[in-house]
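# Working through the structure, step by step
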Amino acid sequence: IKELPLPDLFLSEQDKEKITLISEESEAIKKAIPQEAVIEEIKPDLPQTKLVKKGNKVEAESAIKATVIYKADGKKWQAMIDFEENKVESIEFLGEQEK
């Protein structure tokens, strides 16, 4: 068993730009979230580690993901983005904000 160091739970400006670009190009987000929505927050998600068999070895790989919160017309959505795989994993409507 090999111990992996935990990555920093910090997103650089470059990471945030990449996540924003993935978000803007995602067909799933375009269908589920209004075009006028703005990104309110981008926050790192806890890393998820999986075991992958490579030849005769099993290696641990960490996936780096972020949660993106969108806001439009008093409503909020969140998307889980895997920015190493350049894909949107899930989108969820969070409801209307209290006024």
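Figured I'd write up the structure that's included with this text. (Residues numbered from 1 in each chain as written. Predicted model: local features only at pLDDT ≥ 70, side-chain atom pairs only at ≥ 80, totals over all residues. Heavy atoms only, no water.)

Turning to the environment of Ile19, a few remarks are in order. Topologically, Ile19 is positioned in helix α1 (residues 13–25). Separated by 69 residues in the primary sequence, Ile19 and Val88 have C-alpha atoms spaced 9.6 Å apart. When near neighbours in sequence (up to four residues on either side) are disregarded, Ile19 contacts Leu11, Ile42, Ala66, Val68, Ile81 and Phe83. (Helix = DSSP H or I, 4+ residues; strand = E, 2+ residues; numbered from the N terminus. Contact = heavy atoms within 4.5 Å.)

What follows covers α1. Its 13 residues give α1 an end-to-end C-alpha distance of 18 Å, which sits within 8% of 18 Å, the value for a rise of 1.5 Å per residue. Residues of α1 that are buried include every one of Ile19, Ile22 and Ser23, and no others. Mapping the buried residues of α1 onto a view down its axis gives an arc of 100°, with all of them on the same face. For α1, exposure combined with an orientation more than 90 degrees from the buried face picks out Glu13, Gln14, Glu17, Glu24 and Glu25. If you follow the buried residues of α1, they end up packed against α2 (27–32), β1 (38–44), β4 (65–72), β5 (75–82) and β6 (87–96). (Expected span 1.5 Å × (residues − 1). Buried < 20%, exposed > 50% of the residue type's maximum accessible area, 1.4 Å probe, protein only. Arc of directions from axis to C-beta.)

Attention shifts here to the pattern of salt bridges. Overall, the coordinates contain five salt bridges when judged by the stated rule. We note a salt bridge from Lys30 to Glu27, for which the minimum N-O separation is 3.7 Å. Pair noted here: Lys30 and Glu27 are both in helix α2, with a separation of three residues, about one helical turn. Judged by relative accessible area, which is 48%, Lys30 ranks as partly exposed. The class for Glu27 is partly exposed, based on a relative accessible area of 47%. Across the pair Glu59 and Lys54 runs a salt bridge whose closest N-O atoms are separated by 3.6 Å. Relative accessible area serves as the criterion here: at 40%, Lys54 is assigned to the partly exposed category. One salt-bridge network, in which partners are shared between bridges, spans Glu40, Lys71 and Lys76. (Salt bridge = Lys/Arg side-chain N within 4 Å of Asp/Glu carboxyl O.)

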